[in-house]
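The primary structure of each chain is shown beneath.
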Amino acid sequence: MANIPFLDLKQSYLELKDDLDATFQRVMHSGWYILGEELQTFESEFADYCGVKYCIGVGNGLDALHLILRAMDIGNGDEVLVPSNTFIATWLAVSYAGAIPVPVEPDEKTYNMDPARIEAAITKKTKAIMPVHLYGQPADMDPILEIAGRYQLKVIEDAAQAHGARYKGKRTGGLGDAAGFSFYPGKNLGAFGDGGAVTTNDSMLAEKVRSLRNYGSQIKYVHDVKGINSRLDEMQAALLRVKLRHLDEWNARRLKLVECYRRCLTGVDVLLPKTPPGFDSVFHLFVIRTTRREALQSELKKAGIETLIHYPTPPHKQGAYGLMKAIDLPIAERLSQEVLSLPMGPHLSVDMADEAAQQIRRILESHLT
C-alpha cells in the first residue's frame, strides 16, 4: 500500500532546517518579538516580490481582508461582491466589516468568479469586488477591473492561495487596489503558525491598515480609531523571510507535479483544471472533478493516498449564513459535490504523483465502472 500524504509540512522545515534554526536563535536572542526589524524587513521584501510599494504584516489572512475593508471605509449597509465558490473567510471578512457579501457564481472551467456575471449583481449599495485567486490560479482581472472602473468600485484581491502567481506577467497582490494574503502553514508561502499580510500601492490605505492592526495606534498609547490587535510577529516574519527565498523554486516543483497529473490523467473520466493562456497558476491545490467523488476518495484512502475536498459546503449553505440557504447558486453547489484535491506540495515526489494518478486511473477504470 502506498503512503502518500496530501501535504508534508515537516519536510519544508527539514529542507531548510539550518537556516530556520539559525533564524529562530537570532530572533530569540534579539529580545524583540513584536513590530520590530524582522517584520519591517519582511514587509519590504514581500512588497518587492509582489511588485508593490507597501506590505503590512497582520495576524492572518482573514484579518488582512477585513482590515482592507475597514481602511476603505466599507461597512454597514454596503455590499461587496464575492465568489460563491470559495473558503468562508472571504465572506467572513465582509461580514466582520459590517457589510453584506453578495455572491457571484464562478466560471466552471477555472472555478474563479465569472466576470460575465458581475454586472448583474451590482446595486447602488455595491462598494467593492473581492475576487479570489482560487487554488493558486489568478482570477480574470482585466474585465473585473474594467467593470470596477465603470462603476467606481474598489477591487480587493483575496490572494490567500496565490503566492507568486501571475496574471499576464504581473504578480497577484498588485493587480487590484489592495490584496490580502494568508501565511497559514499549508500555503505556498506558509509560516509556522498563523500569519497574513496586506499589499497595496495606496500609501493612505497602507497607513490606515498599519494603524488598524495595532489597536488603532501609530503613536504608543494614542488611539485615533477603534483598531484591533492583528500583528505578524517577529518570529513568523523572520521565518517567512527564509522561506520566501525558496518560494519560486518550490512553486516550480508544484508545476512538475501538475505536468505529471495532466499526463497520467488525460483520457480518464475526470475533469482536470483549466489554465487559460496568460494565467500562471502556482497550484496551491490540484483539483479534479468527478461525479463519483466519494467512492474514488474512499478507494484512494484504502490505497494509502490522502485527498481532501476544497470545499464540501459552499458559504451560503453554512449555518453562519443560514438566511442565504434558499439562494439558488447551482454552480457552487455542483462544484462542492464534485471537486477532489489531489496530493500537492513542493515535497511530494513526481513518483508519488504518478502513483496517485495511476491509482485513480485503475480505480475509475475498474472498481467504479
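In this text the structure is predicted, and so the values were computed from the model without any measurement. (Residues numbered from 1 in each chain as written. Predicted model: local features only at pLDDT ≥ 70, side-chain atom pairs only at ≥ 80, totals over all residues. Heavy atoms only, no water.)

Enquirer: Any chance you could break down the overall build of the chain for me, citing the residues and the numbers?
Expert: Looking only at helices and strands, the chain features 12 helices and 14 strands. A compact globule built from 369 residues would reach a C-alpha radius of gyration of about 21 Å, and the chain, at 21 Å, matches this within 12%. Here the chain, with 369 residues, has 56% of them falling under the buried criterion. A total accessible area of about 16000 Å² is found for the chain, and carbon and sulfur atoms account for 52% of it. Across the chain, 42 positive and 46 negative side-chain charges occur, with their mean positions spaced 2 Å apart. (Helix = DSSP H or I, 4+ residues; strand = E, 2+ residues; numbered from the N terminus. Rg over C-alpha atoms; globule rule 2.2 N^0.38 Å. Buried < 20%, exposed > 50% of the residue type's maximum accessible area, 1.4 Å probe, protein only. Areas by Shrake-Rupley, 256 points an atom, 1.4 Å probe, with all protein chains shown as cover. Lys, Arg positive; Asp, Glu negative; His and termini not counted. Charge placed at Lys NZ, Arg CZ, Asp CG, Glu CD.)

Enquirer: Help me get a handle on the sheet that holds strand β9 (residues 196-200), residues and values and all.
Expert: If you trace the 7 strands from one edge of the open sheet to the other, you get β1-β9-β8-β5-β4-β2-β3, paired in mixed fashion. Edge positions in the sheet fall to β1 (54-58) and β3 (100-104), since each has one partner strand and no second. Averaged over all pairs of adjacent strands, the angle between their axes in this sheet comes to 25 degrees, without regard to strand direction. As judged from the 5 bridges shared by β1 and β9, these two strands associate in the antiparallel manner. Note that in β9 the partner of G57 across the bridge is A197. Against the sheet, helix α5 (residues 89-96) touches β2 (79-83), β3 and β5 (154-158), its axis set at about 175 degrees to β2. (Pairing = 2+ DSSP bridges. Axes fitted to C-alpha atoms, helices over the stretch in contact; angles between N-to-C directions. Contact = heavy atoms within 4.5 Å.)

Enquirer: Mind laying out the pattern of salt bridges, listing which residues take part and the relevant values?
Expert: All told, the structure shown has 23 salt bridges when counted by the stated rule. Across the pair D73 and K208 runs a salt bridge, and its minimum N-O distance is 3.7 Å. Residue D73 is found in the loop between α4 (61-71) and β2, and its partner K208 is found in helix α7 (residues 203-212); the two are separated by 135 residues along the sequence. Judged by its relative accessible area of 34%, K208 falls in the partly exposed class. Note that R289 and E108 form a salt bridge whose closest N and O atoms lie 3.1 Å from each other. In this pair, R289 is assigned in strand β13 (residues 286-289) and E108 in the loop between β3 and β4 (126-129), connecting sequence segments 181 residues apart. Connected through shared salt-bridge partners, R26, E38, E45 and R241 make up one network. (Salt bridge = Lys/Arg side-chain N within 4 Å of Asp/Glu carboxyl O.)

Enquirer: I'd like a description of the nonpolar core, backed by residues and values.
Expert: If you look at the biggest cluster of nonpolar residues, it comprises 32 residues, and the most contacted ones within it are L69, V80, M130 and I156. Of all the elements in the fold, those that place two or more residues in this core are β1, α4, β2, α5 and α7. If near-sequence neighbours (up to four positions away) are discounted, V80 is found in contact with L69, I74, V94, A99, I100, P101, V102, A128 and M130. One finds L265, F286, L300 and A353 within the second-largest nonpolar core, a separate group that totals 28 residues. (Core = buried A, V, L, I, M, F, W, Y, C linked by side-chain atoms within 4.5 Å.)

Enquirer: Requested: an account of a nonpolar patch on the surface, with residues and values cited.
Expert: Taken together, the side chains of F24, M28, Y33 and I34 present a nonpolar region at the surface, about 350 Å² in accessible area. For I34, the location among the structural elements is in the loop between α2 (17-30) and α3 (37-50). (Patch = residues over 30% accessible without salt bridge, like charges linked within 9 Å, V, L, I, M, F, W, Y side chains within 5 Å.)

Enquirer: Would you mind going over the packing of aromatic side chains in detail, with residue names and values included?
Expert: Throughout the structure, instances matching the rule amount to 11 aromatic pairs. Relative to Y49, the ring of F46 has its centre 6.2 Å away and its plane inclined at 15 degrees; by these criteria the two rings are stacked. Taken together, the residues F46 and Y49, both in helix α3 and 3 residues apart, mark about one turn of the helix. Taking 5.5 Å as the distance between ring centres and 35 degrees as the angle between the ring planes, the aromatic pair formed by F87 and Y311 counts as tilted. With a gap of 224 residues between them, F87 in the loop between β2 and α5 and Y311 in the loop between α10 (293-302) and α11 (330-338) connect regions that are remote in the sequence. Above the face of the F192 ring, K243 is positioned so that its terminal group lies 4.8 Å from the ring centre. (Phe/Tyr/Trp six-rings, centres within 6.5 Å; stacked < 30°, edge-to-face > 60°. Lys NZ or Arg CZ within 6 Å of the ring centre and 35° of its normal.)

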